[in-house]
Amino acid sequence: MCCTPLNMTRSLIIFSISLLFLSNAIGQNIKASALERKFNLNLLLIKEKLIADSIVNIYGDSSTVEIDKILKDTAFLKSLIQPNSTRFDHQICSIYKIPFVIKPLGWTSDYQHIFSKEQISELDSIISKFEKLTKNEIAIVTIDSSWTTQDKFDNLILSIANFWGVGKKDLRNGIVIGINTELRKIRIDNGYGIEAKLTNFETKEIIDDIILPEFKKGNYFEGTRNGLLALMQKIR
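Residues numbered from 1 in each chain as written. Predicted model: local features only at pLDDT ≥ 70, side-chain atom pairs only at ≥ 80, totals over all residues. Heavy atoms only, no water.

Asker: I keep staring at the packing of helix α6 (residues 117-134) against helix α9 (residues 220-235) and nothing clicks. Help me out?
Answerer: Geometry of a packed helix pair, given as the angle between the helix axes and the separation of the axes. Running from N to C, α6 and α9 point in directions that differ by 5°, and their axes come no closer than 11 Å. One way to sum up the angle between α6 and α9 is to call them roughly parallel. Here α6 contributes Gln119, Glu122, Leu123, Ile126, Ile127 and Phe130 to the contact with α9, which in turn contributes Phe221, Thr224, Arg225, Leu228, Leu229, Met232 and Ile235. Here the contact of α6 with α9 is composed, by residue class, of nine nonpolar, two polar and two charged. (Axes fitted to C-alpha atoms, helices over the stretch in contact; angles between N-to-C directions. Helix = DSSP H or I, 4+ residues; strand = E, 2+ residues; numbered from the N terminus. Parallel < 35°, antiparallel > 145°, perpendicular 65-115°, else oblique. Contact = heavy atoms within 4.5 Å. Nonpolar A, V, L, I, M, F, W, Y, C, P; charged D, E, K, R; others polar.)

Asker: Please explain the nonpolar core as it appears in this structure.
Answerer: Among the nonpolar cores identified, the biggest contains 40 residues, and Ile138, Val141, Ile160, Trp164, Ile175, Ile177 and Leu228 are the most heavily contacted of them. Of all the elements in the fold, those that place two or more residues in this core are α6, β2 (137-142), α7 (150-164), β3 (174-180), β4 (185-190), α8 (200-216) and α9. Setting aside residues no more than four positions away along its own chain, isoleucine 177 makes contact with Ile138, Ala139, Ile140, Val141, Arg187, Ile188, Leu228 and Leu231. (Core = buried A, V, L, I, M, F, W, Y, C linked by side-chain atoms within 4.5 Å. Buried < 20%, exposed > 50% of the residue type's maximum accessible area, 1.4 Å probe, protein only.)

Asker: Sorry if this is basic, but what is going on with the pairing of β2 here?
Answerer: A regular strand places its side chains on the two faces of the sheet in alternate fashion. Burial analysis of β2 places six of its six residues in the buried class, the great majority of the element. Neither face of β2 is exposed, since Glu137, Ala139 and Val141 on one face and Ile138, Ile140 and Thr142 on the opposite face are all buried. Note: β2 against β3, six bridges, orientation parallel. Paired with glutamate 137 across the strands is glycine 174, a residue of β3. Between the parallel pair β2 and β3, the chain is carried across by α7, and the sense of this crossover is right-handed. (Pairing = 2+ DSSP bridges. Right-handed = clockwise from strand over helix to strand, strands pointing away.)

Shown next, in the form of structure tokens:
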């Protein structure tokens, strides 16, 4: 089936309407963190373009056929708008050869599953209170080892920092702490508005002197929490 501009436009319009309909039907998560709400505002438009570009580049003239398949795949459509389905995004999207989007699950997004629910709740609580007090935003994300390599880890964390929009737009006061224990990688990305209070050298000191000693003992929560509190002390 030939993918004419008219056919493609019609399919994308139907696709967009389907996403909006499902989004309204499911509704917003009132318990979502400020970071999640901000991210979700633009998520549908971002994914529409991501999916459209991927389909056109991969399937070419048969793109409209693939879009028709997606429109009939309720599980996939729901995965685009339901935060709870994030854990399975990479499995669902692989069916269509579409890159999945790493979404924030709160201030702490533990994709490597190194924290307990109680520990995630404590980290989220610390960050939330700090954000309300200072307006500074801090996100913690642990990365599944199958998603990246040692060479690509730093760029992935930087991309997440930019994609999630951590920090107030006008203040650029966000910090992202990226962790993968299997690759033995930690990266802390500071927004431009943070750098006046927290230098790269000071950030490295926090990693080397506070976080890593606990990590080497397998105390991932303690190392992350202590590092988080040290960062907060610097930028308060």
